[in-house]
Amino acid sequence: MNAQAPALRDPRLNRPEPFTPPLGDGGFFQRDRSIHPPAHAPGYKSSVLRSPRQALLSLENSISEITGPVFGHNDLGPLDNDLIRNYAKDGDPVGERIIVHGRVLDETGRGVPNTLVEFWQANAGGRYRHKKDTYLAPIDPNFGGCGRTLTDDTGYYYFRTVKPGPYPWRNYVNSWRPAHIHFSVFGSGFAQRLITQMYFEGDPLIPVCPILTTIPDKDALDRLVAPLDLNASTPFDSLAYRFDIVLRGQRSTYFENRTAGN
Amino acid sequence: MPQPLNYLKETASQTAGPYVHIGLIPAMAGFDIFEKNFSNVLVTPNTKGERITLEGKVLDGTGSPLRDVLLEIWQANAAGRYNHPADRSAGALEDEFRGWGRAGSDFDSGLVTFETVKPGAITDKTGRKCAPHINVWIVARGINIGLNTRLYFSDEEAANAADPVLNLIEQPVRRATLIAKRSERAGKIVYSFTINLQGPEETVFFDV
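## Things to note about the layout of surface pockets
In step 1: When its volume is computed, the largest pocket comes out at roughly 940 Å³.
In step 2: Its residues assigned to classes, the lining of the largest pocket comprises 20 nonpolar, ten polar and ten charged.

Structure representation (structure tokens):
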């Protein structure tokens, strides 16, 4: 299963060649809602009372949507992308050591540079360090479970962590979440804001997860599953998984002889 | 077969879940990990403009407050300028004012607050003035894809009446769901809002 592969042209990169975005008004490409979970997805019971029932009001992007917060290295600390060390008290956290890496791209296939990526997860036993989590699996004293980083000039990001465990939750009587890592990504404009979850290739809980299966499009679901990337593993240290994230593309505009929104 | 366009597809959204605080506001999850943290305070002592407190709740279909919701706001400064390179309007930028903040609701009351300044009117691409507003993004357990809405200000009646976005809303009664109400409390200016996810007063959410 090559879960991360969209329509392909370059087998080496598993992604099409990037191309120049179309000229226009600087707005983002219309969001294709058919690949996203609907707000009201009864199999995920919490959505029933928390989903708007009126139609969303379509809004052409104005300056309020094209712009968004800008972050820099001053916002981060040196260990923020190392979950093995950023909460370690008297040793390493328990669990399978992994590297998660990939690129934040837009729909034209180009890297989204210098954008903030935040991530959080349960520990190897499936327990979150959160005062509202009461699952019986123990807290790991050396694991916080969150981190963040900025993509580089090409949109690349990476971090180190331990593989999270699956855990039970109240939906059906016997519902379990597949192992997953939550991701929050900004992009360059507030209309690109996205929160999603990354899953692990081969996890047998994936097809029975009431949250994952809110996604109506099989290919869109597969794109949330990170393949094992043995080439990026560190021998005798860490396995690696690769997870590319695609944000909405943007039409260009010309301002003062400079292409903006690129 | 025509040539392929080869656009990538956007990554699908997934709920932020009940433990969103761990990643985005770890202090609310109950621990201290980062040297620097993002917060619901957008202002520094140097920020120009009228200091305001935004205060409100997000209600579910039974009218009960969400106690695990997270809101982000994005706004222009008091001069109506967004701190972003794509905003080339004339208002003065303030380096210290990012114009963005995030807040989790109180685990008991569901109350969400921000400390910020009232933004100035925005000039859109065609040169039209848009009423002052704050852009809001809402995520939580049970919300499968972040909800976009806006907050306008009750003391901007004339600007609101002329605002191109508010006027896209067909029913005037629904425009009122986006208006935060101004009051004064202990010498502070407070704008109160309620975001209804469902029901007869369901808030207007945008497909941006």
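Now that the structure has been shown, we can carry on.
## Observations concerning the pattern of salt bridges
In step 1: The full count for this structure, using the stated rule, is 23 salt bridges over all chains.
In step 2: Of the charged contacts, one joins Arg97 of chain A and Asp237 of chain A as a salt bridge, the two residues approaching to 3.1 Å between their closest N and O atoms. Within this pair, whereas Arg97 of chain A is found in strand β2 (residues 97-106), its partner Asp237 of chain A is found in the loop between β10 (225-226) and β11 (239-242), the two being separated by 140 residues in sequence.
In step 3: The partner of Lys118 of chain B in a salt bridge is Glu156 of chain B, and the shortest N-O contact between them spans 2.8 Å. Within this pair, whereas Lys118 of chain B is found in the loop between β4 (112-117) and β5 (122-123), its partner Glu156 of chain B is found in the loop between β8 (147-153) and α3 (157-162), the two being separated by 38 residues in sequence.

## Observations regarding the sheet that holds β10 of chain A
Residue and element names in this part refer to chain A.
In step 1: Read across the sheet, five strands follow the order β4-β3-β8-β9-β10 without closing on themselves; strand pairing throughout is mixed. The open sheet has two edge strands, β4 (146-150) and β10, and neither has a second partner.
In step 2: Judged from the six bridges that link them, strand β8 (residues 180-185) and strand β9 (residues 194-200) form a sheet pairing that is antiparallel. Along β9, the bridge assignment pairs His182 with Gln197.

## A few points about the nonpolar core
In step 1: Core analysis: the largest hydrophobic core is formed by 38 residues, its most contacted members being Val100, Phe183, Met198 and Phe243 of chain A.
In step 2: Secondary structure elements with two or more residues in this core: β2, β3 (116-121), β5 (156-162), β8, β9, α2 (218-222), β10 and β12 (245-247) of chain A.
In step 3: Judged by nonpolar contacts, the second largest core, of 36 residues, contains Ala16, Ala29, Ile33 and Phe107 of chain B.

## Some remarks on the pairing of β2 of chain A
All names here are of chain A.
In step 1: Among the ten residues of β2, eight are classified as buried, and the element is accordingly described as predominantly covered.
In step 2: Of the pairings in the sheet, the one linking β2 to β5 comprises seven bridges and is antiparallel in character. Within the sheet, the bridge partner assigned to Gly102 lies in β5 and is Tyr157.
In step 3: Pairing of β2 with β11, which is carried by four bridges, proceeds in the parallel orientation. Considered in β11, the bridge of Val100 is made with Tyr241.
In step 4: Two elements, β2 and β12, share three bridges in a ladder whose sense is parallel. If you follow Val104 over to β12, its bridge partner there is Ile245.

## Here we look at the environment of Ala176 of chain B
In step 1: Looking at where Ala176 of chain B falls in the secondary structure, it is placed in the loop between α4 (172-175) and β9 (179-185).
In step 2: Separated by 25 residues in sequence, Ala176 of chain B and Glu201 of chain B place their C-alpha atoms 9.0 Å apart.

## Examining the interface of chain B and chain A
In step 1: On the side of chain A, 98 residues touch chain B, which itself brings 76 residues to the contact.
In step 2: Here chain B and chain A share an interface that buries about 8000 Å² over both sides, 59% of which is from carbon and sulfur atoms.
In step 3: Per-residue buried area on chain B facing chain A is highest for Leu8, Glu10 and Gln14 of chain B; these three make up 11% of the total on that side.
In step 4: Inspection of the region where chain B meets chain A yields eight salt bridges.
In step 5: The partner of Lys9 of chain B in a salt bridge is Asp32 of chain A, with the nearest N and O atoms 3.1 Å apart.
In step 6: Across the contact surface, chain B and chain A share 44 residue pairs in polar contact (both at pLDDT 80 or more).
In step 7: Listed by contribution, the elements that provide at least two residues to the side of chain B that touches chain A are α1 (20-24), α2 (26-29), β2 (70-75), β3 (100-104), β5, β7 (134-139), β8 and β11 (206-207) of chain B.
In step 8: The element that contributes the greatest number of residues to the side of chain B that touches chain A is α1 of chain B, accounting for five residues.
In step 9: Per-class residue counts for the side of chain B that touches chain A are 41 nonpolar, 17 polar and 18 charged.
In step 10: Sheet topology places strand β1 (residues 57-58) of chain A next to β11 of chain B; two bridges connect them, and they run parallel.

## A short note on the packing of aromatic side chains
In step 1: The tally for this structure, following the rule as stated, stands at 20 aromatic pairs over all chains.
In step 2: Geometrically, the ring pair formed by Trp74 of chain B and Tyr82 of chain B is stacked, given 5.3 Å between the ring centres and 20° between the ring planes. For the residue pair Trp74 of chain B and Tyr82 of chain B, the accessibility class agrees, reading buried in each case.
In step 3: Members of the aromatic cluster, connected to one another through ring pairs, are Phe119, Tyr157, Phe159, Phe183 and Phe243 of chain A.
In step 4: The positively charged end of Arg129 of chain A is found above the aromatic ring belonging to Phe31 of chain B, 6.0 Å away from the centroid.
In step 5: Note that Arg193 of chain A overlies the ring of Phe186 of chain A, its terminal NZ or CZ placed 3.7 Å from the centroid.

## Section: the side chain of His130 of chain A
In step 1: Residue position: His130 of chain A is located in the loop between β3 and β4.
In step 2: Separated by 2.9 Å, the side chain of His130 of chain A and the backbone nitrogen of Lys132 of chain A make a polar contact.
In step 3: When near neighbours in sequence (up to four residues on either side) are disregarded, His130 of chain A contacts Pro18, Tyr19, His21, Ile22, Ala29 and Phe107 of chain B.

Parameters at a glance
Residues numbered from 1 in each chain as written. Chains lettered and ligands numbered in written order. Predicted model: local features only at pLDDT ≥ 70, side-chain atom pairs only at ≥ 80, totals over all residues. Heavy atoms only, no water. 1 Å grid on protein atoms, 1.4 Å probe; cavity = no way out; pocket = protein on both sides within 12 Å on 5 of 7 lines; lining within 4 Å. Points joined across faces, edges and corners; volume = space filled by probe spheres on them. Nonpolar A, V, L, I, M, F, W, Y, C, P; charged D, E, K, R; others polar. Salt bridge = Lys/Arg side-chain N within 4 Å of Asp/Glu carboxyl O. Helix = DSSP H or I, 4+ residues; strand = E, 2+ residues; numbered from the N terminus. Pairing = 2+ DSSP bridges. Core = buried A, V, L, I, M, F, W, Y, C linked by side-chain atoms within 4.5 Å. Buried < 20%, exposed > 50% of the residue type's maximum accessible area, 1.4 Å probe, protein only. Contact = heavy atoms within 4.5 Å. Buried area = accessible area lost by both parts, 1.4 Å probe. Polar contact = N/O pair within 3.5 Å; in protein donor to acceptor, adjacent residues only side chain to side chain. Phe/Tyr/Trp six-rings, centres within 6.5 Å; stacked < 30°, edge-to-face > 60°. Lys NZ or Arg CZ within 6 Å of the ring centre and 35° of its normal.

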